[in-house]
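The chain contents come next:
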Amino acid sequence: VASFPIVTTIPSTKGRENHPLARMVGDRIGITRDRFQPLLVANPDFPESRDRDFSVERFAVLGQIKTGTPVLIIDDTFTTGSRVQSAAALLKNKGSGPLGVVCIGRHFVSNQDGEYGVAAQNYLRHSRSLGWDWNCCSYCDERVL
């Protein structure tokens, strides 16, 4: 996809209105401002006990998507991936074209057992050694801009 004519965000699943991420992407960031469309709304009937489960029932689509239109989904935090995967599946079911996903933050538990704990500790150590640079991905150590 050369560009995404629609940019949307994952809405709050806790009922928070006027989410800061939607304000940033829709108002403050020039490159996304004109393409931002709030396509999704959280399903208030989705059980909180299934918060980390993948389900196309987690969200509802506001309005219609022109069939085949590429959509970029932006999420503020990636923990299990269930929310962004649920949103992507729903948008595909409603006719969107190719989907892209950008997650601004990643949450992980560093004191896990086994291979996940080892991977988390290695990631933390590597990220801290790099320092912060907007132009460098701390996961793969490659320039991204």
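Scroll up to find the structure.
Residues numbered from 1 in each chain as written. Predicted model: local features only at pLDDT ≥ 70, side-chain atom pairs only at ≥ 80, totals over all residues. Heavy atoms only, no water.

Along an α-helix, a turn takes 3.6 residues, which lines up residues three or four apart on a common side. For helix α1 (residues 20-28), the complete set of buried residues consists of L21, V25 and G26. Take α1 and look down its axis: the buried residues cluster within an arc of 110°, on one side only. Exposed side of α1, more than 90 degrees from the buried face: D27 and R28 are the residues found there. (Buried < 20%, exposed > 50% of the residue type's maximum accessible area, 1.4 Å probe, protein only. Helix = DSSP H or I, 4+ residues; strand = E, 2+ residues; numbered from the N terminus. Arc of directions from axis to C-beta.)

Moving on, we come to the side chain of T32. Along the chain, T32 turns up in helix α2 (residues 30-33). Every residue in contact with T32, bar those within four places of it in the chain, is listed here: V7 and V25. (Contact = heavy atoms within 4.5 Å.)

Of the voids in this model, the second largest pocket is the one considered here, and its volume is about 460 Å³. As for the second largest pocket, its lining consists of 24 residues, and the residues nearest its centre are P11, S12, T13, G15 and A42. The leading source of residues in the lining of the second largest pocket is strand β2 (residues 40-42), at three residues. Partitioning the lining of the second largest pocket into residue classes produces eleven nonpolar, seven polar and six charged. (1 Å grid on protein atoms, 1.4 Å probe; cavity = no way out; pocket = protein on both sides within 12 Å on 5 of 7 lines; lining within 4 Å. Points joined across faces, edges and corners; volume = space filled by probe spheres on them. Nonpolar A, V, L, I, M, F, W, Y, C, P; charged D, E, K, R; others polar.)

Counting 15 residues, the largest nonpolar core has I10, L39, L40, F59, I73 and L91 as the members making the most contacts within it. Elements that contribute at least two residues to this core include exactly β2, β3 (59-61), β4 (71-78) and α3 (82-93). With five residues, α3 is the largest single contributor of residues to this core. Those residues within four positions of I10 in sequence are excluded, and the remaining contacts are L40, F59, I73, I74, D75, R83, V84 and A87. Residues F4, V7, V25 and F36 belong to the second largest nonpolar core, which totals seven residues. (Core = buried A, V, L, I, M, F, W, Y, C linked by side-chain atoms within 4.5 Å.)

In total, this model carries three salt bridges according to the counting rule given. D53 is the salt-bridge partner of R50, the closest N and O atoms lying 3.4 Å from each other. By relative accessible area, R50 is classed as partly exposed at 28%. Between D51 and R83 there is a salt bridge; the shortest N-O distance is 2.6 Å. Taken as a pair, D51 in the loop between β2 and β3 and R83 in helix α3 lie far apart in primary sequence, 32 residues in all. Here the salt bridges share partners, and the residues they tie into one network are D51, R58 and R83. (Salt bridge = Lys/Arg side-chain N within 4 Å of Asp/Glu carboxyl O.)

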